[in-house]
Each structure stands twice: as C-alpha cells, then as structure tokens.
Amino acid sequence: MAESPETEHPVKAFGWAARDTSGVFSPFKFSRRETGEHDVQFKVLYCGVCHSDLHMVKNEWGMTHYPIVPGHEIVGEVTEVGSKVKKVKVGDKVGVGCLVGACRECGQCADNLENYCPKQILTYSFPDVDGTLTYGGYSNLMVANEHFIIRWPENLPLDIGAPLLCAGITTYSPLRYFGLDKPGLKVGIVGLGGLGHVAVKFAKAFGTKVTVISTSLSKKEEAISKLGADEFLVSRDQEQMQAAAGTLDGIIDTVSAAHPIIPLLSLLKPHGKLVLVGAPEKPLELPAFPLIQGRKIVAGTTMGGIKETQEMIDFAAKHNVLPDVEMIPIDYINTAMERLLKSDVKYRFVIDIAKSLKPEEDCHRRSC
Ligand SMILES: [Zn+2]
Ligand SMILES: [Zn+2]
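Note that this is a predicted model, so its numbers are computed, not measured. (Residues numbered from 1 in each chain as written. Chains lettered and ligands numbered in written order. Predicted model: local features only at pLDDT ≥ 70, side-chain atom pairs only at ≥ 80, totals over all residues.)

Visitor: Residues and numbers for the overall build of the protein chain, please.
Guide: Helix and strand counts for the protein chain stand at 12 helices and 17 strands. Compactness check: the protein chain gives a C-alpha radius of gyration of 21 Å against a globular reference of 21 Å for 368 residues, within 12% of the reference. Along the first, second and third principal axes, the C-alpha atoms of the protein chain reach 70 × 40 × 35 Å. Across the 368 residues that make up the protein chain, the buried fraction comes to 46%. (Helix = DSSP H or I, 4+ residues; strand = E, 2+ residues; numbered from the N terminus. Rg over C-alpha atoms; globule rule 2.2 N^0.38 Å. Buried ≥ 20, exposed ≤ 12 C-beta atoms within 10 Å, placed from the backbone.)

Written as structure tokens, this is what we have:
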C-alpha cells in the first residue's frame, strides 16, 4: 500500500510542495483520485496564501504530513463531474475552502457545521478516508465531493475573491453567530492582516460601526480611508484605550501571535463578546475579574460550515466585499512566505496558478 504520491491515484497532478520543516517549496508531481460519482474535478485557476499555510509547512502546529501541498482558498473551473452530481456542471466556476470531507452523520454535520465535525477532513496535509494524504490548491487540479464545492457567483471576481474561502468565512461566521451583524452595533477588529481586513469589510457591510485595534499607528490611514473603518485605536496607547473603555458590543480578535487580551476585555460593554479567531501558540492570560464584572464572554471559532460558506460567498458578491490582494506567480511562493512572516503584504497573496504553474519538464525528453 505504500505507493508514492505520484502513482497512488490514476489522475496525474502537479503542484509545489514543501518536503520538510524548512518549509521550502519546490515543484512536486503527485496524483488525484478519479472523479467519483459524487465528485467534482476542477482546474485550479487561483489559490490564496493563508497564514495557516505558513504554520503548516513548518509543522508549527505539530500536525503536518510531508510532502505538503498547501492552499485552501482554491477557485477554478469545473472540468469533470460524477454521474450523480447535481450542484454544478462542466465549465462552472467553483471554489473549495478549508474542508473536503466530514462524516455527514453527526450532530454537527446535521446542523451544517462540518467545521466542527470530529471526523472532518482538511483540504491539505490530512489523511483522507483511503489513507492517502489530501493535497491543496498550490496545484493544477482539484477533486472533491460536491458537498464541499462552493458555487461561485457570476459577478464575484475569481482572483480577488479566492481568500474569502478561508479568511472570509473565518470572520463572517463569528460576526453572524455572535450577533455582531446588526446595523448600529459597535464592533472591534483586532489585527489588520489577511483575516482582519476582511473582517472590517464584512462588519461594515453588515452596517456596524467598526473600530480597528492595532499595535501600530501606521495602519490608521489605510484602515479608515481604504478599508472603511470608523475608528482606530492603538492598543499600546493607554489614554486612547481608557477613553474607549466600555464602548464595544463585540470584538473579533484575529491576531495569531501571543498578546494581552485584558485591555481588549475592558473595551467591551457589559455582556460584550471577545471572539478569538487567531491561534497563538502559547496560552493567553485570562483573569476572571474583568469577565464577571460585566458578564462578558470570551469565545473562539474556526472556519464555517459549507452552507454558511456559500451564504458568505453570495453575500460578498451582493455587497461587493472583496479582499485586497497581491497576485503572485507560483515560483514566488518562497519569497511570499518570508514576506508573510513579516506581515509584509496588503493583505493576502493570491497565486495565479493557471498562468504560472507549469508541469515539471519531462525527464524523458531530456533523456536523463
Ligand atoms: Zn486559511
Ligand atoms: Zn460529522
């Protein structure tokens, strides 16, 4: 059974993979399964570069299987559908986000919350039901069960829109679930990276008043004039933070580095909610006093279910919620990862897969 990635399935595929914890990418040949009766196969056109990809290629969460082909903000065009597929047809534009499988039987799945299914199958570097690894969107071809395929709206650009499939749903879902989607509410967004900048746009589209909370004043101009935030707070500025105490109905905290949350709790009104969507490696300090004084909630969420992801994509198309991206060719990925580590991107890299990903030169033609 120990077949190589290149021969374990019948359909040839290629992409870029990292082979070890150095996280360095190079071209990679592998294979995809045949299109099953409920499967949709599609040509990958664009793929967003998520911060998770960076953590995963270096095995920083201790769950990586090598070789790893990351990418879970994948959009493309359907090339083949199984005989029982109803959702899409050949030629349709589609997307795949963070999930390609779930048990479809548990309570979470019954509630359309596949993202909380204990048997979920992640889009890359994850053991699939047949024991082979899943490979993500830094590749030419995808195949997935139609349940996990997102229909792409006509008027939503594929390239710019790709990051919605992770960054979008990861911030849309908590805004909705925690009721921070009502016009007039005051919502704080902590961190202005890939997730944070989309969170600002969704929160604005819901009609809330948005305060961006950041460590650096340098982002103020951009947050307000470009992303449409209403206010800006420098989290290290005691005076500013004190003046804003007790003013926010909720906060979405997108920061994935260790940071103090006590100052954030003080910004909340009584009954306010602090929702974590970033994943710092070390525990955060959480004293009881600031919580019990105002019946405040600290919560966390991850991704979103497939039904909600479709709803989010349709909402983004309708309200013109579009990430700010920098398009790159695949052979820029190693540099892109270095820049991402330094937060040197506004605000998401998207790989132009179709234009820049070429099959490795055929060895035989060079008679090697
Ligand atoms: Zn992601
Ligand atoms: Zn399930």
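Visitor: Provide a residue-level description of helix α5 (residues 194–205), including the pertinent values.
Guide: The end-to-end C-alpha separation of α5 is 17 Å, in line with the 16 Å expected for 12 residues at 1.5 Å each. Within α5, 10 of the 12 residues are buried, which leaves it mostly tucked inside the rest of the structure. Considered for burial, the residues of α5 that qualify are Gly194, Leu195, Gly196, His197, Val198, Ala199, Val200, Lys201, Phe202 and Ala203. Two residues or fewer after α5 comes Gly207, characterised by a positive phi angle close to 90°. (Expected span 1.5 Å × (residues − 1).)

Visitor: An account of the UniProt feature "domain: Enoyl reductase (ER)" (unreviewed entry) in the protein chain is requested, with residue identities and associated values reported.
Guide: UniProt annotation of "domain: Enoyl reductase (ER)" (unreviewed entry) refers to residues 23–351 when read in the numbering used here. Its end C-alpha atoms 17 Å apart, residues 23–351 is made of 26% helix and 26% strand. (UniProt positions renumbered as here; feature names shortened; annotations may be inferred.)

Visitor: Tell me about the nonpolar core, and please be specific about residues and values.
Guide: Among the nonpolar cores identified, the biggest contains 104 residues, and Cys47, Ile189, Ala203, Ile251 and Ile351 are the most heavily contacted of them. Here this core spans two domains, since at least three of its residues come from each of domain 1 (11–166 + 323–366) and domain 2 (167–300). Beyond its immediate chain neighbours, meaning those up to four positions away, Cys47 contacts Gly71, Glu73, Ile74, Gly137, Tyr138, Ala162, Val350, Ile351 and Ile353. (Core = buried A, V, L, I, M, F, W, Y, C linked by C-beta atoms within 7 Å. Domains from an automatic or database assignment. Contact = placed C-beta atoms within 7 Å.)

Visitor: A description of helix α11 (residues 333–341) should follow, citing residues and the corresponding values.
Guide: Since the α-helix advances by 3.6 residues per turn, residues separated by three or four positions end up pointing in the same direction. Residues of α11 that are buried include every one of Ile333, Ala336, Met337 and Leu340, and no others. Across the axial projection of α11, the buried residues extend over an arc of 100°, all falling on one side. Facing away from the buried side of α11 by more than 90 degrees, the exposed set consists of Thr335, Glu338 and Leu341. In the core, the buried residues of α11 are packed alongside β1 (11–18), β2 (25–32), β3 (39–49), α1 (51–57), β16 (325–328) and β17 (348–352). Taken from the residues just after α11, Ser343 is the one with a positive phi, measuring 55°. (Arc of directions from axis to C-beta.)

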